[in-house]
Amino acid sequence: MQDYNFDEHFDRFPVAMAYVPWQHLSQIYENLETAYRTGTIFPELDKPFVGRRVVR
Amino acid sequence: MWSYEKRLQFPVNIKEPNAKLAQVIMSQYGGPDGELAASQRYLSQRYATPYREVAGILTDIGTEELAHMEMVSAIVYQLTKDLSMEEIEASGFDKYYVDHTVGLWPQAAGGVPFNACVFQSKGDVITDLFEDMAADVIPL
Amino acid sequence: MNNTSCEQNRMLMDIGIIDFTLVELTLYLDTHPHDKQAMEYFNHYARIKHQMVKDFSARYYPLTKDASTETREWKWALAPMPWENAANPVMEGGCK
């Protein structure tokens with residue numbers, strides 16, 4: 001699969017399709033027990049459910 | 001092929017049984033967007049993708065959902081353990097109990113039995129992915 | 001009843017933590033198979049987990065069938081099932 005740079009080429013993507021921005025690994029949580037209780041080791045995916053929309 | 005580890009993915013220790021709560025949580029086991037449906041959804045859809053990476057991640061996610069199913073099942077099991085007949089009647093659990101006693105059986109909270117019609121597998125990876133989002137990514 | 005020891009609880013909890021880390025890294029690597037940093041994390045934690053499962057299984061009961069080979073009886077059949085309290089580490093308020 002190609003690693004698209006979502007921001008750079010955004011206007012070149014065909015319309016009427018759905019896209020998911022690519023995840024790039026920066027770091028994982030240092031405290032893995034907290035990560036376990038939170039549900040992810042990736043800070044960029046830590047999006048608590050608040051009823052309607054995600055925060056952050 | 002699968003292998004098994006004799007532990008839950010996350011510990012479940014229910015202190016007080018609660019048949020009312022069990023009837024609601026049961027939906028996450030056997031309901032339309034429950035873990036049983038999720039596992040069968042991904043593990044059925046994986047054959048249709050032309051990308052090996054995608055087939056791989058669908059396999060691993062489907063496997064994950066089986067682990068989730070086991071946790072939810074453990075929650076329902078522990079919530080319905082050692083119930084008295086009075087508690088069973090007062091909580092409305094009697095309607096389930098008459099057919100299954102406290103055996104685990106996949107159904108939605110409303111009593112609808114599990115059915116493969118709750119998920120899709122259309123032989124097209126993008127079509128299937130949209131269905132996955134409806135079932136599994138509602139918070140987004 | 002949960003009559004498992006403090007040490008057993010801690011080991012099982014740690015296995016859960018490390019395995020969850022591996023699950024997360026697996027899903028990331030599935031779509032980023034050439035990510036060197038993620039690969040290093042994975043190799044690191046996979047080694048730790050392997051050792052932890054081996055230690056736990058030798059000390060208490062086999063977590064996998066493979067870990068049941070060195071015994072004269074089939075301990076796999078005697079191990080607590082995952083839905084029993086005995087197989088679930090107590091997380092709050094320390095352990096017994």
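To start, this report covers the structure provided alongside it.

1. Quick notes on the layout of surface pockets
In step 1: The volume enclosed by the second largest pocket comes to roughly 1,400 Å³.
In step 2: Taken together, 40 residues line the second largest pocket, and the ones lying closest to its centre are Ser3, Tyr4 and Glu5 of chain B together with Lys49 and Thr64 of chain C.
In step 3: Elements with a contribution of two residues or more to the lining of the second largest pocket: helix H4 (52-79) of chain B together with helix H1 (6-31) and helix H2 (36-59) of chain C.
In step 4: The greatest single-element share of the lining of the second largest pocket, amounting to nine residues, is contributed by H2 of chain C.
In step 5: Looking at the lining of the second largest pocket, its residues break down into 16 nonpolar, 11 polar and 13 charged.

2. Some remarks on the interface of chain B and chain C
In step 1: Facing 22 residues of chain B, the contacting portion of chain C comprises 29 residues.
In step 2: Counting the surface chain B buries against chain C, the share from its top three residues, Lys6, Arg7 and Asn13 of chain B, is 35%.
In step 3: On the surface where chain B and chain C come into contact, there are two salt bridges.
In step 4: The closest approach of N and O atoms between Glu5 of chain B and Lys49 of chain C, which form a salt bridge, is 2.5 Å.
In step 5: Taken together, chain B and chain C are joined by nine residue pairs in polar contact (both at pLDDT 80 or more).
In step 6: The residue inventory of the side of chain B that touches chain C, partitioned by class, reads 10 nonpolar, four polar and eight charged.

3. Some points on unusual backbone geometry
Residue and element names in this part refer to chain B.
In step 1: The residue Asp82 is not glycine, and still its phi comes out positive at about 55°.
In step 2: Here Asp82 lies in the loop between H4 and helix H5 (85-90).
In step 3: Its relative accessible area of 68% is what places Asp82 among the exposed residues.
In step 4: The backbone of Thr101 sits at a positive phi, close to 45°, despite the residue not being glycine.
In step 5: Note that Thr101 resides in the loop between helix H6 (94-100) and helix H7 (125-136).
In step 6: The exposure class assigned to Thr101 is partly exposed, which follows from its relative accessible area of 44%.

4. Here's the deal with the side chain of Ser73 of chain B
Residue and element names in this part refer to chain B.
In step 1: Inspection of the secondary structure assignment puts Ser73 in helix H4.
In step 2: Taking the relative accessible area as the measure of exposure, Ser73 reaches 17% and is therefore buried.
In step 3: Not counting residues within four places of it along the chain, the set of residues in contact with Ser73 comprises Tyr29 and Leu104.

5. A few points about empty space enclosed by the protein
In step 1: Counting across every chain of the model gives one cavity of 30 Å³ or more.
In step 2: As a volume, the largest cavity reaches approximately 50 Å³.
In step 3: Lining the largest cavity are Tyr36 of chain A, Arg7, Leu8 and Pro11 of chain B together with Leu12, Gly16, Ala87, Asn88 and Pro89 of chain C.

How each quantity is defined
- Numbering of residues begins from 1 in every chain and follows the order in which that chain's sequence is written.
- The lettering of chains begins at A and the numbering of ligands begins at 1, in the order of writing.
- Totals for whole chains, interfaces and linings use all residues, but because this is a predicted model, local features are given only for residues with pLDDT of at least 70 and pairs of side-chain atoms are given and counted only at 80 or more.
- Note that the side-chain values use all heavy atoms of the structure and ignore hydrogens as well as water.
- The rule is simple: put a 1 Å grid over the protein atoms alone, call a set of points where a 1.4 Å probe fits but cannot get out a cavity, call an open set with protein on both sides within 12 Å along at least five of seven lines a pocket, and count a residue as lining if it has an atom within 4 Å of a point.
- Grid points are joined across faces, edges and corners, and a volume is the space filled by probe spheres set on the points.
- By the criteria applied, helices consist of DSSP H or I runs no shorter than four residues and strands consist of E runs no shorter than two, each listed in order from the N terminus.
- Residue classes follow a fixed rule: Ala, Val, Leu, Ile, Met, Phe, Trp, Tyr, Cys and Pro count as nonpolar, while Asp, Glu, Lys and Arg count as charged, and any other residue, Gly among them, counts as polar.
- Two residues qualify as a contact provided that any one of their heavy atoms is within 4.5 Å of a heavy atom in the partner residue.
- The term buried area denotes the loss of accessible surface (1.4 Å probe radius) that occurs when two parts are joined, taken as the sum for both partners.
- By salt bridge we mean one thing: a side-chain nitrogen of Lys or Arg within 4 Å of a carboxyl oxygen of Asp or Glu.
- Two N or O atoms form a polar contact when they lie within 3.5 Å of each other; inside protein one atom must be a possible hydrogen donor and the other a possible acceptor, and for residues adjacent in sequence the pair counts only when both atoms belong to side chains.
- Summary of the burial criterion: residues with accessible area below 20% of their type's maximum are buried, those above 50% are exposed, and those between are partly exposed, where the area comes from a 1.4 Å probe applied to protein chains only.

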